[in-house]
Amino acid sequence: NVFIQVGAETGLAGLLVFLGLMLLTLRDMRRLKTALKSSDHEMRDELNDLLSFIAISLIGFFICGFFLLPAYGAGLYILVGLVVILKRIAQANDILKGSDSESS
């Protein structure tokens, strides 16, 4: 299990950082999804599709993580990075407003 692996190798502090990273990523994905639903921007459909693909990939990672040990592979961190990129694109196009002040 990926969570047991991270907890055993890095301790409680490392597990909390790992879980925090996952929770922040999921929170940003939820905010993006909500903002995209209420947006009429021309890139809305493409960003929504990319967000859905990333969500499916994260679900696959966590299902795989219950049976294998992929915690330190690059796949998870690439997906997290893609969510950050989508968030920045949405902010640059005024699709996602006010998220910097909320996350501080």
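Residues numbered from 1 in each chain as written. Predicted model: local features only at pLDDT ≥ 70, side-chain atom pairs only at ≥ 80, totals over all residues. Heavy atoms only, no water.

## Points about helix α2 (residues 44-65)
Between its first and last C-alpha, α2 extends 31 Å over 22 residues, near the 32 Å set by a 1.5 Å rise per residue. Within α2, the full set of buried residues consists of Leu47, Leu51, Ile54, Leu58, Phe61, Phe62 and Gly65. For α2, the angular spread of the buried residues around the axis is 90°, confining them to a single face. In α2, those exposed residues whose orientation departs by more than 90 degrees from the buried face are Phe53, Ile56, Ile59 and Ile63. Each element contacted by the buried residues of α2 is listed here: α1 (2-37) and α3 (74-92). (Helix = DSSP H or I, 4+ residues; strand = E, 2+ residues; numbered from the N terminus. Expected span 1.5 Å × (residues − 1). Buried < 20%, exposed > 50% of the residue type's maximum accessible area, 1.4 Å probe, protein only. Arc of directions from axis to C-beta. Contact = heavy atoms within 4.5 Å.)

## Re the pattern of salt bridges
Under the defined criterion, the tally for this structure stands at 3 salt bridges. For Asp28, the salt bridge identified is with Lys87, shortest N-O distance 3.6 Å. One end of the pair, Asp28, is in helix α1; the other, Lys87, is in helix α3, with 59 residues separating them in the sequence. Lys87 matches Asp28 in its accessibility class, with the two residues each being buried. Between Arg44 and Asp45 there is a salt bridge, with its nearest N and O atoms 3.7 Å apart. When salt bridges with common partners are traced through the structure, they connect Arg27, Asp28 and Lys87 into a single cluster. (Salt bridge = Lys/Arg side-chain N within 4 Å of Asp/Glu carboxyl O.)

## Digging into the packing of α2 against α3
With their axes 10 Å apart at the nearest point, α2 and α3 run at an angle of 155° to one another. Taken as axis vectors, α2 and α3 run roughly antiparallel relative to one another. α2 and α3 meet at a crossing whose hand is left-handed. Taking contact as the criterion, the partners of Leu47, Leu50, Leu51, Ile54, Ser57, Leu58 and Phe61 in α2 are, on α3, Leu76, Leu79, Leu82, Val83, Leu86 and Ile89. Residues of the contact of α2 with α3, tallied by class, amount to 12 nonpolar, 1 polar and no charged. (Axes fitted to C-alpha atoms, helices over the stretch in contact; angles between N-to-C directions. Parallel < 35°, antiparallel > 145°, perpendicular 65-115°, else oblique. Left-handed = near helix turned anticlockwise from the far one by under 90°. Nonpolar A, V, L, I, M, F, W, Y, C, P; charged D, E, K, R; others polar.)

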